[in-house]
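# Residue-level structural notes
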Amino acid sequence: QVQLVESGGGLVQAGGSLRLSCAASGRTFSRYAMGWFRQAPGKEREFVAGINWSGGSTNYADSVKGRFTVSRDNAKNTVYLQMNSLKPEDTALYYCAKHKNPWATMRDVDCDYWGQGTQVTVSS
């Protein structure tokens, strides 16, 4: 069983930055890819960023490329999402998720554990 706990969300003005963290329980964190997804009110959940087991490979949604950076610290069982140049359209509930495999995809069906989410609100 894996538990994921996100933190770091909040209210920020457009152009600002936030850093989300996701702490994972268990001893197998370093074996699996991790992902960040988000869901805005009235919209479907969408992929934001993914990182493979070692941190050596990352992928991003086109909407966040160049603004968001995903990273991980396997010694701390934690994955991060640095969000810069935030826009009002980034407002959403952000979830971290554990992938079933060492490599990351953009599909939420490839994830088997999810956090409870942390709210990010960007004001214009």
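For the structure itself, look to the data block above.
Residues numbered from 1 in each chain as written. Predicted model: local features only at pLDDT ≥ 70, side-chain atom pairs only at ≥ 80, totals over all residues. Heavy atoms only, no water.

## Some remarks on the pairing of strand β4 (residues 34-39)
Of all six residues that make up β4, five are buried, and the element is covered over most of its length. Note that β4 and strand β5 (residues 46-51) share five bridges and pair antiparallel. When the sheet's bridge partners are listed, Arg38 is paired in β5 with Glu46. The antiparallel pairing of β4 with β5 creates a hairpin that spans six residues between the two strands, and Gly42 there sits at a positive phi of about 80 degrees. Summarising the sheet, β4 and strand β9 (residues 92-99) pair through six bridges and their orientation is antiparallel. When the sheet's bridge partners are listed, Trp36 is paired in β9 with Cys96. (Buried < 20%, exposed > 50% of the residue type's maximum accessible area, 1.4 Å probe, protein only. Helix = DSSP H or I, 4+ residues; strand = E, 2+ residues; numbered from the N terminus. Pairing = 2+ DSSP bridges.)

## Topic: the sheet that holds strand β7 (residues 68-73)
Taken together, the four strands give an open sheet; going across it, the order is β1-β3-β8-β7, and neighbouring strands pair in antiparallel fashion. Two strands close off the open sheet at either side, each with one partner strand: β1 (4-7) and β7. Within this sheet the neighbouring strands show an average axis-to-axis angle of 15 degrees, counted without direction. One ladder, built from six bridges, connects strand β3 (residues 18-24) with strand β8 (residues 78-83); its direction is antiparallel. Bridging from a neighbouring strand, Leu18 pairs with Met83 of β8. (Axes fitted to C-alpha atoms, helices over the stretch in contact; angles between N-to-C directions.)

## Focus: the packing of aromatic side chains
What the rule picks out here adds up to three aromatic pairs. For the pair Phe37 and Trp114, a centre-to-centre distance of 5.0 Å together with 55 degrees between the ring planes defines the contact as tilted. Of the two residues, Phe37 is situated in strand β4 and Trp114 in strand β10 (residues 111-114); the sequence distance between them amounts to 77 residues. The class for Phe37 is buried, based on a relative accessible area of 1%. Residue Trp114 is classed as partly exposed on the basis of its relative accessible area of 26%. Pairwise contacts between aromatic rings join Phe37, Phe47, Tyr95 and Trp114 into one cluster. (Phe/Tyr/Trp six-rings, centres within 6.5 Å; stacked < 30°, edge-to-face > 60°.)

## A word on the pattern of salt bridges
Scanning the model with the defined rule gives seven salt bridges in all. The partner of Asp108 in a salt bridge is Arg45, and the shortest N-O contact between them spans 3.3 Å. Remark: Arg45 occurs in the loop between β4 and β5 and Asp108 occurs in the loop between β9 and β10; sequence separation between them is 63 residues. Overall, the relative accessible area of 25% leaves Asp108 in the partly exposed class. On the accessibility criterion, Arg45 (34% relative accessible area) is partly exposed. The network of salt bridges with shared partners includes Arg38, Glu46, Arg67 and Asp90. (Salt bridge = Lys/Arg side-chain N within 4 Å of Asp/Glu carboxyl O.)

## Notes on the pairing of β1
Going residue by residue along β1, you find Leu4 and Glu6 tucked away on one face and Val5 and Ser7 left uncovered on the opposite face. Pairing between β1 and β3: four bridges, direction antiparallel. Paired with Val5 across the two strands is Ala23, which belongs to β3.

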